[in-house]
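# Structure assessment
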Amino acid sequence: MISMNKVSKQYGSFHVLTDCTTQVQKGEVIVVCGPSGSGKSTLIKCVNGLEPFQSGEIIVNGVSVGDPRTNLSKLRSTVGMVFQNFELFPHMSIIDNLGIGQTKVLGRSQEQAREKGFKLLDRVGLREQAEKYPGQLSGGQQQRVAIARALAMDPICMLFDEPTSALDPEMVNEVLDVMTELAQEGMTMMCVTHEMGFAKRVASRVIFMDQGRIVEDDSKEAFFEHARSERAQQFLAKILHH
Amino acid sequence: MHEFDWSSIPNALPFLWDGMKISLEITVTAVIFGIVWGTLLALMRLSSIKPLSWFAAGYVNLFRAIPLVMVLLWFFLIVPHLLESLFGLPRGSDMRLSSAIAGFALFEAAYYSEIIRAGIQSVPKGQMAAASALGMTYGQSMRLVVLPQAFRNMVPLLLTQGIILFQDTSLVYVSALADFFGAAYKVGDRDGRLVELLLFAGAVYFVICFTASRIVRYYQNKLKTA
């Protein structure tokens, strides 16, 4: 579904990503973790071309992201993305947030879009909020709407960029529950997250990054029980022992 | 000591009102065209296509560095001749109003584009990313997501600039166009009551602009609490 081959990116002389290579099969849930500044977010933003990269190749569902001839907008409409700060459109109601991509990008009718929107709001438990505006919702609710907005496009895979980092602690679980459910239904997912409980529950594989490199890329059992690199061991020791 | 005599004003009111209509016409048209052209300039300025961005930067810097009254004179003196020769219009057709409107619109666009550019930049970058991630093109993301938010934040500034523009319309007196100020001047000159007419005109400008800026302030506060 997603294949990366020696992806590198630099700002001037600073290497953000160096030779990142990995595959994601259909139905897999990949958790990407690592210290801040290790390039995790940049890596998944490269997958849908939100971040350009200088060398290497990323193929999503047979389409090369870095190829200048690729219609990036079309590719992005098939890849769902959820952001750390939700990024709902504040000037539109919740149901319109879910509808805009469907009508303007996929060309669905207003009625189809609303119907689909309501169905997805039902699913994330927010149907009553449909006519409200994002500013009237809690962070956890906004993030669930953001997930629904991405799902409204019927994506072939989903990217999550630290979806729970900006949330108050008591709201983290409602978002993780939605993500877990999604994973169990077989959605292909790449999640940048520090939620190791989530990784242990649903991840198929864990990628650990440090200084722009993929240091570990292994099954979750292997990663949590005997991470090979010292850097990953230190990281795990710090975040698991609190 | 000057003896005030206001008697020439009541009779002149219809003529003054005609002048006011011209002032308002210039203001409204120039605001609309200024905002449209200013938006395009702002988008060019922010564009990654260098020549567009250079053009917009040059345009804005040029118009912000020359006095408005000079731009109006240029338009008054040059543009009619240009149009006459370009479109074969009859010599001496009265194009003072249209050249004044064009001058204002092009001049104000430079100021509007700076307001709009700041407005666009005030919208968090993530909004553009989220719109792109849904598969929207750059144009769609701007039109449907970024610009509506930018304009919402900018409305008070755009209106304030409109009020300034309304005051500046008085400068069209250089082209002998009878806007409100020009009309008042003409009446005062004719009746030998210049002081009264100019005081009256000043009071009218004050009432209109002060009221308008209060409305803007009210809107601004509402926006803040929303």
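Being a predicted model, the structure only gives us computed values, none of them experimental.

Reading the values: rules and limits
Residues numbered from 1 in each chain as written. Chains lettered and ligands numbered in written order. Predicted model: local features only at pLDDT ≥ 70, side-chain atom pairs only at ≥ 80, totals over all residues. Heavy atoms only, no water. Helix = DSSP H or I, 4+ residues; strand = E, 2+ residues; numbered from the N terminus. Buried < 20%, exposed > 50% of the residue type's maximum accessible area, 1.4 Å probe, protein only. Contact = heavy atoms within 4.5 Å. UniProt positions renumbered as here; feature names shortened; annotations may be inferred. Axes fitted to C-alpha atoms, helices over the stretch in contact; angles between N-to-C directions. Parallel < 35°, antiparallel > 145°, perpendicular 65-115°, else oblique. Left-handed = near helix turned anticlockwise from the far one by under 90°. Nonpolar A, V, L, I, M, F, W, Y, C, P; charged D, E, K, R; others polar. Buried area = accessible area lost by both parts, 1.4 Å probe. Salt bridge = Lys/Arg side-chain N within 4 Å of Asp/Glu carboxyl O. Polar contact = N/O pair within 3.5 Å; in protein donor to acceptor, adjacent residues only side chain to side chain.

### Topic: the overall build of chain B
Looking only at helices and strands, chain B has 9 helices and 0 strands in total. Mapped from its N terminus to its C terminus, chain B presents α and β elements in the order α-α-α-α-α-α-α-α-α. Expressed as a percentage of its 226 residues, the buried residues of chain B come to 44%. Across chain B, every contact between residues at least 6 apart in sequence was considered, and the portion connecting residues at least 24 apart equals 75%.

### Regarding the side chain of A:Thr188
Residue and element names in this part refer to chain A. One can find Thr188 in strand E8 (residues 188-192). Looking at Thr188, the relative accessible area reads 3%, which means it is buried. Excluding residues within four positions of it along the chain, Thr188 makes contact with Met1, Val24, Gln25, Lys26, Gly27, Glu28, Ile156, Cys157 and Met158.

### Quick notes on the UniProt feature "transmembrane region" (unreviewed entry) in chain B
Residues and elements named next belong to chain B. Per the UniProt entry, the sites bearing "transmembrane region" (unreviewed entry) are residues 22-44, 56-77, 97-116, 163-185 and 197-216 in this numbering. The straight-line gap between the two end C-alpha atoms of residues 56-77 is 25 Å; of that span, 86% is helix and 0% is strand. End C-alpha to end C-alpha, residues 97-116 measures 27 Å, and it is 100% helix and 0% strand.

### A few points about the packing of helix H3 (residues 94-104) of chain A against helix H4 (residues 110-123) of chain A
In helix packing, the relevant descriptors are the interaxial angle and the interaxial distance, both defined with respect to the helix axes. All names here are of chain A. Look at H3 against H4: their axes get within 9 Å of each other, and the N-to-C directions meet at 130°. Classified by the interaxial angle, the pair formed by H3 and H4 is oblique. Seen from above, H3 lies across H4 with right-handed handedness. Within the contact between the two elements, H3 uses Ile94, Ile95, Asp96, Leu98, Gly99, Gln102 and Thr103 and H4 uses Gln110, Gln112, Ala113, Arg114, Lys116, Gly117, Phe118, Leu120 and Leu121. Looking at side-chain class alone, the contact of H3 with H4 contains 7 nonpolar, 6 polar and 3 charged residues.

### Re the interface of chain A and chain B
On the chain B side, the residues contacting the 20 residues of chain A number 16 residues. Roughly 1500 Å² is buried in total at the junction of chain A and chain B, and carbon and sulfur atoms are behind 68% of that figure. Of all residues in chain A, A:Glu87, A:Phe89 and A:His91 give up the largest surface area on contact with chain B, accounting jointly for 33% of the area buried on that side. For the interface between chain A and chain B, the tally reads 0 salt bridges. Where chain A meets chain B, there are 4 residue pairs in polar contact (both at pLDDT 80 or more). Elements with a minimum of two residues in the side of chain A that touches chain B: helix H2 (72-76), strand E6 (79-82) and H3 of chain A.

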